[in-house]
Amino acid sequence: MMLILMLPILMLGQSPERWTATEIYQGIEKLNFLGSALYVAAHPDDENQRLIAYLANEYNAEMAYLSLTRGDGGQNLIGPEIRELLGVIRTQELLGARRIDGGRQMFTRANDFGYSKHPDETLDIWQREAVLGDVVWAIRKWQPDVIINRFDHESAGRTHGHHTSSAILSYEAFDLAGDPEAYSEQLEYLDPWQPQRLFFNTSWWFYGSQEAFAEADKTNLMSVDIGVYYPMRGKSNNEIAAEARSMHKCQGFGATLQRGTQQEYLKLLKGDMPAGKENLFEGINTTWTRVKGGKAVGAILTKAQEQFDFERPYQAVSALLNAREALQKVEEGYWKQVKSQELDELILACMGLYVEATAEDYSATPGEEIELTMEVVNRSPVNARLKAVTYLPMEADSTLALDLENNQQYEFYEKLVLPGDLSHTNPYWLNEEGTLGMYKVDNQLLRGLPETPRALQVAFHLEVDGTPMTVIRDVVYKETKPSQGETYRPFEVTPPVFANIAEKVYVFAGNGPQEVAVRVRAGKDTVAGKLSLALPEGWRSEPAEAPFEIAVKSGEQLVEFMLFPPADPGEGRIQAVATLKEGTSYTDGLNVIAYDHIPAQTVMLENSAKVVKVDIATAGKQIGYLMGAGDEVPNSLAQIGYEVTLLSDEDITLEQLQQYDAVILGIRAYNTNERMAFHQPVLLEYVKQGGTLINQYNTTRNLKVDMENIAPYHLKISRDRVTVEEAPVRMLAPDHPVLNWPNKITAADFEGWVQERGLYFPNEWGEEFTAVLSSNDPGEDPKDGGLLVAPYGEGYYIYSGYSWFRELPAGVPGAYRLFANLISIGKENR
């Protein structure tokens, strides 16, 4: 049995942590608290940052959040990334939140496949036993004394199925983690671990109202005041929590900073209730005496804390080195490993010792030569020496024997050739194709990690006051930008060539060909070969293959093919294949995610596109599209011949809008566009004078227009949704034009939909509207508000909660046919 390394403190690609004296003091204080907790929920942004921050900062506990999914199934308010790429963003946002609130981050292999109304469905799609095993793995790895569930394990059918499922799995894993017969294959790496207490982080809203909560039996409840103020930080706990929650930017969860007392309630589910019902760790030994031989360590650290000089933190180094020596003598186990890592970082922090390894570029390919710059600065009078460095994984060494004088900068350089078999640094959970509900990760040691371990590291072998220490740092890329100053990003190992197909879906409305543009990008200098398209049967391309030659790294060449569809309707996938002259073929596309609040992410996914030949007719040509939260519907409509203009706020004038056959509002336009209250009268006047306005789904949260003014007639948006994508769709108005012209809509047009039918359907509407379709999840009442059409003046107002933003980019033929009918309404005689 071997122990697993702790989760990293910093996000990959972040600037090195620069400790203040206050943070060092608190770090020493934390070294003397040996208690751990695990918070469990389903998604990024489910976590209670207030409680995480409280346990990490007030108690100094080892605190982690286990998010069962990475949030792939959500929406994105800051950009176009959805599905896997959204999961990458939300992973980084979670890591950013933990960096603020003091926790660590863990995951399972469960995939967020979209809203689920019942845990039975969720656990079936997630592969219950496999995800349960991942929760057991997380508990055995983190060894929490206390586990806290965000959700109620007995709430089946009353909330999101993912939420309830996270609590169910945690409830079961609490006992299984300590059972050596359960998931025994994990014991090659970890020991069984039995937590002592399991709580449900309840609140009045789980009871329906504050009045109901006030009257509830609280025998099994305890409460903590998480509104505490930290004078040494100049912030209250809730202010820290709000800053952490505001990292969830793609979900629009910016939070107001809060101050003052605030109670959090915890319901005991398993284990013993703390006697005073105020301290989660009461009765649990959280001192060094819980570790055999650890009492001496605690005594040294207590004295170091008492004698700490905020103006001369380096004076604590001697005591911390003594604690380190004592710590090496205690029994092997979790706490020795955890506290050794923390202690070594604190020793360096006390010295102001800056250690960094940077590459000359942000990426390189296996077998390529790179140059590294190492910087070491000892900003203290403590005697320190850099004896050597080792470059990993090459195991190449450089002997230096540098005496690190106070505040003297030392830089040295090394050229290395990366191993030819070095793995690419892609998000590990995306390297192989998984299922709807599960990522495929065969390597047990990767499961649960927030990020892929970096491929290239440098080990600095130091001597501090005669004590040998080794500090390992990931190689990063650093640059100075005029607008931002010094910035960091992870160092990536990539293929030598990428091929990105311009579109994810190509929909053919006729027999004519379409252009397929493929952007070939070099991952290193001097890349040449041939590009071809792997095609499904019946499809052909001209040319069959095309040469490419790119002289410099990051250079690009656009290669264009004409793709010809078969005569009959059908669908398949095409793939771009770049074959270098030496004969090696590559199929990865390059996706770079760049936002200011997270490190730049390089994601390499097998690049393919869906191709669909669909029997479709259209009426009208010119479309005006006012984007909301961000979606890919405009590109999808252009695929079938529409000319789509993206509208700005300045374009919303009656004169401008009247040139369009239809105006379409992007998803959540009324939630995200601050000008919608001013646009609304113009949009309705456009309809009144003969235009067609198609309003896609909005949520009830943060509407920029009063609900009663969103439509020309009474309409009330609800939280009604149909999550089962195969749910039957009934035609309530079979003779209505949108079901008959120019395409005859049948049951077959609702086959092959993805993730869901729709969301946030209205549940009230005026008699002027015609409810066209009805659908519902199994066992539920019909949801008739998904597609509402009303004439208004000379035009038509359409409100639809059906998920066009998912179905059109996914190339669902029936969704295209029905959406074309929405655009075409009223144009039969034009």
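Preceding this paragraph is the structure being described.
Calculation rules
- Residues numbered from 1 in each chain as written.
- Predicted model: local features only at pLDDT ≥ 70, side-chain atom pairs only at ≥ 80, totals over all residues.
- Heavy atoms only, no water.
- Helix = DSSP H or I, 4+ residues; strand = E, 2+ residues; numbered from the N terminus.
- Rg over C-alpha atoms; globule rule 2.2 N^0.38 Å.
- Buried < 20%, exposed > 50% of the residue type's maximum accessible area, 1.4 Å probe, protein only.
- Contact = heavy atoms within 4.5 Å.
- Areas by Shrake-Rupley, 256 points an atom, 1.4 Å probe, with all protein chains shown as cover.
- Pairing = 2+ DSSP bridges.
- Axes fitted to C-alpha atoms, helices over the stretch in contact; angles between N-to-C directions.
- Core = buried A, V, L, I, M, F, W, Y, C linked by side-chain atoms within 4.5 Å.
- Expected span 1.5 Å × (residues − 1).
- Salt bridge = Lys/Arg side-chain N within 4 Å of Asp/Glu carboxyl O.
- Polar contact = N/O pair within 3.5 Å; in protein donor to acceptor, adjacent residues only side chain to side chain.
- Parallel < 35°, antiparallel > 145°, perpendicular 65-115°, else oblique.
- Left-handed = near helix turned anticlockwise from the far one by under 90°.
- Nonpolar A, V, L, I, M, F, W, Y, C, P; charged D, E, K, R; others polar.

Honestly, the overall build of the protein in this entry has me stumped. Any pointers?
Secondary structure assignment for the protein yields 17 helices and 43 strands. Radius of gyration (C-alpha) of the protein: 29 Å, near the 28 Å computed for a compact globule of 830 residues. Based on the C-alpha atoms only, the size of the protein along its principal axes is roughly 90 × 75 × 55 Å. Taking all 830 residues of the protein together, 58% fall into the buried category. Contacts spanning at least 24 positions in sequence make up 75% of the contacts within the protein whose residues lie at least 6 apart. Taken as a whole, the protein presents about 33100 Å² of accessible surface, with 46% of it coming from carbon and sulfur.

Explain the sheet that holds strand β10 (residues 354–359) to me, please; I cannot follow it from the model alone.
Hydrogen bonding along the main chain pairs the strands of a sheet, whether they run parallel or antiparallel. Here we have five strands laid out as an open sheet, ordered β15-β12-β10-β18-β19, and mixed in their pairing. In this open sheet, the two strands that pair with only one neighbour each are β15 (409–417) and β19 (485–490). Each adjacent strand pair in this sheet contributes to an overall mean axis angle of 40°, direction not counted. In terms of strand pairing, β10 meets strand β12 (residues 369–377) through six bridges, oriented antiparallel. Counterpart to alanine 359 in the pairing with β12 is leucine 372.

Help me understand the nonpolar core, please; the structure alone is not making it clear to me.
General note: in soluble globular proteins, nonpolar side chains tend to be found buried as a group. Formed by 91 residues in total, the largest nonpolar core has its most connected members in Leu38, Leu320, Ile347, Leu372, Val458 and Phe460. Tallying contributions element by element places helix α11 (residues 334–351) first for this core, with 10 residues. Excluding anything up to four places from it in sequence, leucine 372 contacts Thr358, Ala359, Tyr391, Phe412, Tyr413, Glu414, Leu416, Leu456, Val458 and Val475. Core analysis: the next-biggest nonpolar cluster, separate from the first, contains 76 residues, Leu788, Tyr802, Phe805 and Ala815 among them.

Looking at this structure, I do not really get helix α5 (residues 128–142). What am I missing?
Each turn of an α-helix holds 3.6 residues, which means side chains three or four residues apart point in the same direction. For α5, built from 15 residues, the straight-helix expectation of 21 Å at 1.5 Å per residue is met to within 8% by its first-to-last C-alpha distance of 21 Å. Counting buried positions along α5 yields 12 of 15 residues, so the element is predominantly enclosed. Within α5, burial applies to Val131, Leu132, Gly133, Asp134, Val135, Val136, Trp137, Ala138, Ile139, Arg140, Lys141 and Trp142. Immediately beyond the C-terminal end of α5, within one or two residues, lies glutamine 143, with a positive phi of roughly 50°.

What is the right way to look at the sheet that holds strand β36 (residues 692–695) in this model?
One open sheet holds the seven strands; their spatial order is β34-β33-β35-β36-β43-β42-β40, and the pairing between them is mixed. Each of the sheet's edge strands pairs with one partner strand only, and the pair in question is β34 (643–646) and β40 (770–771). In this structure, strand β42 (residues 787–792) lies alongside strand β43 (residues 795–800), joined through six bridges in antiparallel fashion. Bridged to alanine 790 within β43 is tyrosine 797. Sitting on the sheet, helix α17 (residues 813–824) is in contact with β33 (622–626), β35 (662–665), β36, β42 and β43, with an inclination near 140° to β36.

Whenever I open this one, the pattern of salt bridges confuses me. Can you help?
Pairing between side chains of opposite charge can happen when the charged atoms of each approach one another. Counted by the stated rule, this structure contains 41 salt bridges. With a closest N to O distance of 2.8 Å, glutamate 264 and arginine 50 form a salt bridge. Linking glutamate 264 in strand β9 (residues 263–271) with arginine 50 in helix α2 (residues 49–57), this pair joins segments that are 214 residues apart in sequence. With relative accessibility at 4%, the residue glutamate 264 sits in the buried group. Here arginine 312 ties to aspartate 309 by a salt bridge, and the two come within 3.2 Å at their closest N and O atoms. Judged by relative accessible area, arginine 312 falls into the partly exposed class, the value being 35%. Via salt bridges that share partners, Arg18, Glu356, Lys478 and Glu486 belong to a single interconnected network.

Just checking my understanding: could you explain the pairing of strand β27 (residues 556–564) for this structure?
Walk down a regular strand and you will see the side chains alternate between the two sheet faces. Where strand β23 (residues 514–522) lies against β27, eight bridges are found, and the strand directions are antiparallel. Across the sheet, valine 516 pairs through a bridge with phenylalanine 561, a residue of β27.

Honestly, the environment of tyrosine 334 in this entry has me stumped. Any pointers?
Within the secondary structure, tyrosine 334 is located in helix α11. Distance from tyrosine 334 to glycine 589, taken between C-alpha atoms, is 41 Å for residues 255 residues apart in sequence. Polar contacts involving the side chain of tyrosine 334 include one to the main-chain carbonyl oxygen of tryptophan 142, which spans 2.9 Å.

Help me understand the packing of helix α1 (residues 21–31) against α11, please; the structure alone is not making it clear to me.
For any two helices packed against each other, one specifies the crossing angle of their axes together with the interaxial distance. The geometry of α1 relative to α11 is characterised by a closest axis approach of 10 Å and an angle of 155° between their N-to-C directions. With respect to their mutual orientation, α1 and α11 come out roughly antiparallel. Of the two elements, α1 crosses α11, and the hand of that crossing is left-handed. Between α1, through Ile24, Gly27, Ile28, Lys30 and Leu31, and α11, the contact on the second element is made entirely by Lys339, Glu342, Leu343, Leu346, Ala349 and Cys350. For the contact of α1 with α11, the class distribution of residues is seven nonpolar, one polar and three charged.

I'm lost on the packing of helix α10 (residues 317–327) against α11 in this one. Help?
Where α10 meets α11, the axes come as close as 10 Å, and the angle between the chain directions of the two elements is 160°. With respect to their mutual orientation, α10 and α11 come out roughly antiparallel. Crossing of α10 against α11: the hand is left-handed. Residue-level contacts link Val317, Leu320, Leu321, Ala323, Arg324 and Leu327 of α10 to Lys336, Lys339, Ser340, Leu343, Asp344, Leu346, Ile347, Cys350 and Met351 of α11. Tallied by class, the residues present in the contact of α10 with α11 amount to 10 nonpolar, one polar and four charged.

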